Amino acid sequence: MKMQRRQFLKTTLTASAVASAALTLSTSSASAAAANAGPNGDREYYELRAYRLKAGAPSTLLDAYLEKALIPALNERGIAHVGVFTEPEAKDGPAVWVLIPHPSLESVASVAATLNRDAKVQSAGAEYLQTPKATPGFERIDSWLLLAFTGMPKHELTANTASRGPRIFEMRSYESFSELKALKKMDMFNDGEIEVMKEVGLAPVFFAQALTGKDLPHLTYMTSATDRDAHKLHWAAFGKHPVWVKLRNDPQYADTVSKNTSRFLVPTAYSQI
């Protein structure tokens, strides 16, 4: 009888230990999955670069590097739809603008740390990477790290991009005098402004909050059209849309923008956006 009782207790304790271990493993797995998902879920990160050029200097070296070395290397790393643009009416000097969509912060860090150490990149971009001091490929590089809005967590390609048709882009940056007001302007987009822009044909590409870089706090977004005339018509429709009028007159969104910088950009022949 004692033998049976000892065996029963042993079996019960073993079963409890297994159940406890399974529960711990299940909880740990759930926690790990949540951690891997990240605090921002499926929202993309963007690196926005401005390769500043000297006035009158050609961009030949830079274009060759971007087309033959940088973009193929990014594509190999699973980063698609890299946008490269020029600014015909430059606001603050000639520049080539590059938009790099990233699925995570790890991707941003990995690209920054390793890409130009890649032997294939060094070979394909040798002329640019090894250019002498007297003939640099750029003057300086400005860079911003952006986080996509919840209202549009991933970038979207326009129909004209997919067909490689004629297209222009407007990139706007809205600066705010207050960090709280900057957040309220983001809320305004998420609460209806993004959907109105889509409805009237402004064809937004991305909306994002600037996390690092100069002129903080600010947000940046990009819209598109076949040409400037079509873009003006879309903006006119946006300005009269009842949802936008309601948002504009809502007191909670007052004074959210202190400076609006607009740039019209033209994609290069090798741009993927």
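Coordinates for the structure precede this section.
Being a predicted model, the structure only gives us computed values, none of them experimental.

Asks: Can you break down the sheet that holds strand 7 (residues 218-225) residue by residue, with the values?
Replies: The strand order around the closed barrel built from eight strands is 1-3-2-8-5-7-6-4, with neighbouring strands paired in antiparallel fashion. Adjacent strand axes in the sheet meet at a mean angle of 35°, parallel and antiparallel pairs treated alike. Bridge count between strand 5 (residues 168-175) and strand 7: eight bridges; the pairing is antiparallel. Each residue of the ladder has a partner; that of M171, found in strand 7, is M222. Contacts between helix 7 (residues 179-199) and the sheet are confined to strand 5, strand 6 (206-212) and strand 7, with strand 7 contributing the most and set at about 15° to the helix.

Asks: Which residues make up the packing of aromatic side chains, and what values do they have?
Replies: Scanning the entire structure with this criterion turns up 15 aromatic pairs. Arranged with centres 6.2 Å apart and planes meeting at 40°, the rings of Y128 and F138 form a pair that is tilted. Within this pair, whereas Y128 is found in helix 5 (residues 126-129), its partner F138 is found in the loop between helix 5 and strand 4 (140-148), the two being separated by ten residues in sequence. With relative accessibility at 10%, the residue Y128 sits in the buried group. A relative accessible area of 28% means that F138 is categorised as partly exposed. Members of the aromatic cluster, each reached through a chain of ring pairs, are F149, Y174, F189, F207 and Y221. Lying over the aromatic face of W235, R172 brings its terminal NZ or CZ to 4.2 Å of the ring centre. Here the basic side chain of K185 rests over the ring of F189, its NZ or CZ set 4.7 Å away from the ring centre.

Asks: Tell me about the side chain of S173, and name the residues and values.
Replies: With respect to the helices, strands and loops of the structure, S173 is situated in strand 5. Polar contacts involving the side chain of S173 include one to the side chain of T220, which spans 3.0 Å. Setting aside anything within four residues of it in sequence, one finds S173 in contact with H218, L219, T220, K259, N260 and T261.

Asks: Could you give an account of the pairing of strand 4, naming the residues involved and the relevant values?
Replies: Pairing between strand 1 (residues 45-52) and strand 4: eight bridges, direction antiparallel. By the bridge assignment for strand 4, R52 is matched with R140. Across four bridges, the pairing between strand 4 and strand 6 is antiparallel. Each residue of the ladder has a partner; that of L146, found in strand 6, is A210.

Asks: Provide a residue-level description of the pattern of salt bridges, including the pertinent values.
Replies: Enumeration over the complete set of coordinates arrives at 14 salt bridges. E47 is paired through a salt bridge with R49; the nearest N and O atoms lie 2.8 Å apart. According to the relative accessible area criterion, E47 is buried, its value standing at 12%. As a salt-bridge pair, E87 and R263 come within 3.2 Å of each other at their nearest N and O atoms. With E87 in the loop between strand 2 (83-86) and strand 3 (95-102) and R263 in strand 8 (residues 259-267), this residue pair connects regions lying 176 residues apart in the sequence. Both residues of the pair, E87 and R263, count as buried. Members of the salt-bridge network, linked through shared partners, are R52, E87, D92, D142, K214 and R263.

Asks: Got a sec to walk through the environment of F149? Specific residues and values, please.
Replies: Mapped onto the fold, F149 is located in the loop between strand 4 and helix 6 (159-162). Expressed as a C-alpha distance, the spacing of F149 and A208, which sit 59 residues apart in the sequence, is 5.3 Å. Not counting residues within four places of it along the chain, the set of residues in contact with F149 comprises R43, M186, F189, N190, I194, F207, A208, Q209 and L219.

Reading the values: rules and limits
Residues numbered from 1 in each chain as written. Predicted model: local features only at pLDDT ≥ 70, side-chain atom pairs only at ≥ 80, totals over all residues. Heavy atoms only, no water. Pairing = 2+ DSSP bridges. Helix = DSSP H or I, 4+ residues; strand = E, 2+ residues; numbered from the N terminus. Axes fitted to C-alpha atoms, helices over the stretch in contact; angles between N-to-C directions. Contact = heavy atoms within 4.5 Å. Phe/Tyr/Trp six-rings, centres within 6.5 Å; stacked < 30°, edge-to-face > 60°. Buried < 20%, exposed > 50% of the residue type's maximum accessible area, 1.4 Å probe, protein only. Lys NZ or Arg CZ within 6 Å of the ring centre and 35° of its normal. Polar contact = N/O pair within 3.5 Å; in protein donor to acceptor, adjacent residues only side chain to side chain. Salt bridge = Lys/Arg side-chain N within 4 Å of Asp/Glu carboxyl O.

Without other data, these values stay purely geometric and don't point to any function.
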